[in-house]
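# Descriptive analysis of the structure
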Amino acid sequence: MASIANCTTAISLAKIPRPFSSAWNPRQTILLPKRHRSTAVGVYASVSAVTPAPTTRPADDLVEEILSKVIQTDRGVLLARDEHQKVAEVANELQKFCVDEPVKCPLIFGEWDVQYCSNPTSPGGGYRSAFGRLVFKTKEMIQAVEAPDTIRNKVSFTLLGFVDGEVSLKGKLTALDEKWIQVVFESPELKVGGLEFKYGGESEVKLQITYIDEKIRLGKGSRGSLFVFQRRQ
């Protein structure tokens, strides 16, 4: 019986080809299950690469932000160049919310504080130059827009820190199109102490209204200067 078992085992082993012999084929001898590549990683990567679309901030938030950047800066004099750039960026965002024909908007009328100008010497002229600010310390800069077509600008100051004075201009407003206005001013009137007189001649400015609401008005001059007006309470 043992011999029969040994013979059977020998015959069984003989049927298995030896490695590296001509009959040995590893692909037939060892069968491995096929591996299926998972696509989950690829899908996940494609989803994570999607950048969400930028959201537009509400106009009220932008109004508060631009006011926080310009108030208490002496109308922009105290701001560094990069800070002026940040003000301009917020103004550009607000421009998207401007009404279609701002020159016809009744909100334009009223009294406005000049809170900022990207060119600090633009409003007030020589009174706001580097030397002028040493002699004439600005107290207020106000623009009043009166129906139907009158604008009054006033800069109040103290001369050498102890004599009160003001310079004012009266102008006529003309709408050039739905966004641009032109103002022709009469000769400036200067009041210092008990003195009062006019000097110089007429002047002319053009201004684009880029945003307006109940709180602020933004404007851009023909030379690119940005203005921020805040409605007086």
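About the thresholds
Residues numbered from 1 in each chain as written. Predicted model: local features only at pLDDT ≥ 70, side-chain atom pairs only at ≥ 80, totals over all residues. Heavy atoms only, no water. UniProt positions renumbered as here; feature names shortened; annotations may be inferred. Helix = DSSP H or I, 4+ residues; strand = E, 2+ residues; numbered from the N terminus. Phe/Tyr/Trp six-rings, centres within 6.5 Å; stacked < 30°, edge-to-face > 60°. Buried < 20%, exposed > 50% of the residue type's maximum accessible area, 1.4 Å probe, protein only. Lys NZ or Arg CZ within 6 Å of the ring centre and 35° of its normal. Patch = residues over 30% accessible without salt bridge, like charges linked within 9 Å, V, L, I, M, F, W, Y side chains within 5 Å. Areas by Shrake-Rupley, 256 points an atom, 1.4 Å probe, with all protein chains shown as cover. Salt bridge = Lys/Arg side-chain N within 4 Å of Asp/Glu carboxyl O. Expected span 1.5 Å × (residues − 1). Contact = heavy atoms within 4.5 Å. pLDDT = per-residue confidence, 0-100. 1 Å grid on protein atoms, 1.4 Å probe; cavity = no way out; pocket = protein on both sides within 12 Å on 5 of 7 lines; lining within 4 Å. Points joined across faces, edges and corners; volume = space filled by probe spheres on them. Nonpolar A, V, L, I, M, F, W, Y, C, P; charged D, E, K, R; others polar. Core = buried A, V, L, I, M, F, W, Y, C linked by side-chain atoms within 4.5 Å. Axes fitted to C-alpha atoms, helices over the stretch in contact; angles between N-to-C directions. Parallel < 35°, antiparallel > 145°, perpendicular 65-115°, else oblique. Left-handed = near helix turned anticlockwise from the far one by under 90°.

### Description of the UniProt feature "domain: Plastid lipid-associated protein/fibrillin conserved" (unreviewed entry) in the protein chain
In the numbering used here, UniProt assigns the "domain: Plastid lipid-associated protein/fibrillin conserved" (unreviewed entry) feature to residues 62-191 and 202-229. Within residues 202-229, the helical portion is 0% and the strand portion 71%, while the C-alpha atoms at the span's ends are 23 Å from each other.

### Looking at the packing of aromatic side chains
All chains considered together, the criterion is met by two aromatic pairs. With 6.0 Å between their ring centres and 15° between their planes, phenylalanine 227 and phenylalanine 229 make a pair best called stacked. On the basis of relative accessibility, which here comes to 11%, the residue phenylalanine 227 falls in the buried class. A cation over an aromatic ring shows up here: arginine 217 above the ring of tryptophan 112, its NZ or CZ 4.9 Å from the ring centre. The ring of phenylalanine 229 has arginine 217 sitting right over it, with the charged end atom 4.1 Å from the ring centre.

### Some remarks on a nonpolar patch on the surface
Nonpolar side chains collect at one region of the surface, where Leu195, Phe197 and Tyr199 lie side by side and expose about 290 Å² of accessible area between them. With respect to the secondary-structure elements, tyrosine 199 resides in the loop between β7 (195-198) and β8 (203-212).

### Re helix α4 (residues 59-70)
Counted at 1.5 Å a residue, the expected span for α4 with its 12 residues is 16 Å, and the 17 Å between its end C-alpha atoms agrees. Packing partners of the buried residues in α4 comprise α5 (81-95), β1 (110-117), β8, β9 (216-221) and β10 (226-231). Backbone geometry just downstream of α4 places glutamine 72 in the positive-phi region, at approximately 65°.

### Quick notes on the confidence of the model for the protein chain
Overall, the prediction assigns the protein chain a mean pLDDT of 80, with 75% of residues at 70 or greater. Counted against residues more than four places away or in other chains, residues 1-53, with its pLDDT under 50, gives five contacts.

### Section: the layout of surface pockets
Considering only enclosed or pocket space, the largest pocket measures out at about 930 Å³ in volume. Lining of the largest pocket is provided by 40 residues; of these, Ser122, Pro123, Asn153, Phe185 and Val205 occupy positions nearest its centre. If you list the elements that add at least two residues to the lining of the largest pocket, you get β2 (136-146), β3 (150-159), β4 (163-175), β5 (180-185), β8, β9 and β10. Top contributing element to the lining of the largest pocket by residue count: β8, with five residues. Across the lining of the largest pocket, the residue classes tally to 21 nonpolar, 14 polar and five charged.

### Things to note about the nonpolar core
Counting 23 residues, the largest nonpolar core has Val145, Ile151, Ile181, Ile209, Ile212 and Phe229 as its most contacted members. Broken down by secondary-structure element, the contributors of at least two residues to this core are β1, β2, β3, β4, β5, β6 (189-192), β8 and β10. In this view, phenylalanine 229 contacts Trp112, Asp113, Val114, Gln143, Leu207, Lys215, Ile216 and Arg217; residues no more than four positions away in its chain are not counted.

### Description of the packing of α4 against α5
Relative to each other, α4 and α5 sit at 155°, their axes nearing to 10 Å. The orientation of α4 relative to α5 falls into the category roughly antiparallel. The element α4 and its partner α5 pack so that their crossing is left-handed. Where α4 abuts α5, its residues Ala59, Leu62, Val63, Glu65, Ile66, Lys69 and Val70 lie against Lys86, Val87, Val90, Ala91, Glu93 and Leu94. Of the residues assigned to the contact of α4 with α5, the class counts are nine nonpolar, no polar and four charged.

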